[in-house]
Amino acid sequence: MGKTIYIVLTDTGTLLSKAIGMYTRKDLNHASIAFDEQLTEIYSFGRKQQYNPFLGGFVRENVAEGIFQEADCAVYRCEVTTEAYMRIRQKIVQFELNQSDYKYNFIGLFGVALNREIQRKRAFFCSQFVATIMQESETHRLLTRPCLTMPHHLAYLPHMELVYEGDLKTYLNKVRGPQMERPIRMGLWKSLAFRLLA
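Rules behind the numbers
Residues numbered from 1 in each chain as written. Predicted model: local features only at pLDDT ≥ 70, side-chain atom pairs only at ≥ 80, totals over all residues. Heavy atoms only, no water. Helix = DSSP H or I, 4+ residues; strand = E, 2+ residues; numbered from the N terminus. Buried < 20%, exposed > 50% of the residue type's maximum accessible area, 1.4 Å probe, protein only. Arc of directions from axis to C-beta. Contact = heavy atoms within 4.5 Å.

Colleague: Help me understand unusual backbone geometry, please; the structure alone is not making it clear to me.
Modeller: A negative phi angle is the norm for most residues apart from glycine, just as the trans form is the norm for most peptide bonds. Residues other than glycine seldom take positive phi values, yet Asn115 does so here, at roughly 55 degrees. Assignment of secondary structure puts Asn115 in the loop between α3 (106-113) and β7 (123-124). The backbone of Arg122 shows a phi angle near 55 degrees, a positive value even though the residue is not glycine. Checked against the element boundaries, Arg122 lands in the loop between α3 and β7.

The following block contains the structure:
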């Protein structure tokens, strides 16, 4: 019996996401990997502090708050073998245990734009991270190298099934229940500053 993992692509509306979108010409420019359909255990490379876009690295994300509050998304489901699932989980554990050593690979983004491989030790951008993790499953690898993988490439992983596309908040309400409908309060000026600094 196999196991299920989820690949989640989001449009957070941040300046970095918009800048990446100018190159990819796609709307969904952030990628994460999750281990449950409720997206409570979901990982990526992104900002470590909610209001600081320049401090990035390996993160366990909370998709019900912060930059995800108004996000659009596409949620993909993928069946992997039990053995591959265990290797993927072990890889995530390695990242967790050494998360202070990892940085966000801003330089690697320029490599993608130039179609040039830029390998940096312990540095990843979001789709590079997800593609690297997926290499633990022999039947779910991309033809592109992880350091050149853009978020939309992940939708073409073998055996990937689109289960939802639309407003992330609506998806969370559907799979987690109505408690997610409670608004997360954020002052108008704080919200505006957050978007501008994102």
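Colleague: Help me understand α3, please; the structure alone is not making it clear to me.
Modeller: Spacing of three or four residues puts side chains on the same side of an α-helix, whose turn is 3.6 residues. Among all positions of α3, only Gly108, Gly111 and Val112 are buried. In a view along the axis of α3, the buried residues occupy a sector of 100 degrees, so they form one face of it. Tucked into the core, α3 has its buried residues touching α1 (15-24). Asn115, located one to two residues past α3, shows a positive phi value of around 55 degrees.

Colleague: So what exactly am I meant to see when it comes to the environment of Asn115 here?
Modeller: Owing to a relative accessible area of 60%, Asn115 belongs among the exposed residues under this scheme. On a C-alpha basis, the gap between Asn115 and Cys147 in space is 9.5 Å, while along the polypeptide they are 32 residues apart.

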